[in-house]
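Structure at a glance
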Amino acid sequence: MSKARHAARSEEQRVELGRISGVFGVKGWVKVYSETKPRENIVNYSPWQVCVRGEWQEMKVLSGKRQGKTVVASLEGIEDRDAAAMLRGAPIAIWRSQLPPPKQGEVYWADLEGLAVRTTDGVELGTISHMVETGSNDVMVVHEAVDGGKRKERLVPFIREQVVKEVDIEGGLVTVDWDPEF
């Protein structure tokens, strides 16, 4: 499963793949925190959508590679250290249509976010806010609206067959075998 997250649900949604974490050298290269697996795959997606000072800008990836434990990239129009420094902390996204179709039996996290979650007994648990990687398994963070405008948060493991019984992306529903009291 990919850890790609979406920024907005629409026909052409953005899927966040990482962020610019710093500068590398003096020629405008940036360090990248990547959520792709392997992490250097992020440079294969071009153009990037980079959110700079609250505005999304399209930036073409000219080159990129793994550098030790990090990833570095050269972006069109970013030619010196000062320009690269202006991008520090900026989220990196791509359009959902740039992702290859998921393999059989797999889903992108971006496609799960916003889906309703219902138990096999028909109890509505809420909607998936986001996903979390715990090391042992992925977890759905499910928000349910409760009285007074508050919300209840549930953490439901994304374990196929044992907990997750069905994922219906088109129908907007994930069916789980889960105790609603948890």
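Please refer to the structure placed before this passage.
Note that the structure is a prediction, hence the values are computed from the model and not measured.

Digging into the overall build of the protein
Along the backbone of the protein there are 2 helices and 14 strands. When the backbone C-alpha atoms are referred to their principal axes, the protein occupies close to 60 × 40 × 30 Å. The proportion of buried residues among the 182 residues of the protein is 40%. Charged side chains of the protein number 25 positive and 28 negative; the gap between the two group centres comes to 9 Å.

Considerations on the pairing of strand β2 (residues 14-24)
Where a strand is regular, its side chains alternate between the two sheet faces. Of the pairings in the sheet, the one linking β2 to strand β8 (residues 91-95) comprises 5 bridges and is antiparallel in character. Across the sheet, the residue bridging to V15 is I94, located in β8. Here β2 runs beside strand β3 (residues 29-34); their pairing, made up of 6 bridges, is antiparallel. Residue pairing for β3: R19 is matched across the bridge by Y33.

Definitions and cut-offs
Residues numbered from 1 in each chain as written. Predicted model: local features only at pLDDT ≥ 70, side-chain atom pairs only at ≥ 80, totals over all residues. Heavy atoms only, no water. Helix = DSSP H or I, 4+ residues; strand = E, 2+ residues; numbered from the N terminus. Buried < 20%, exposed > 50% of the residue type's maximum accessible area, 1.4 Å probe, protein only. Lys, Arg positive; Asp, Glu negative; His and termini not counted. Charge placed at Lys NZ, Arg CZ, Asp CG, Glu CD. Pairing = 2+ DSSP bridges.

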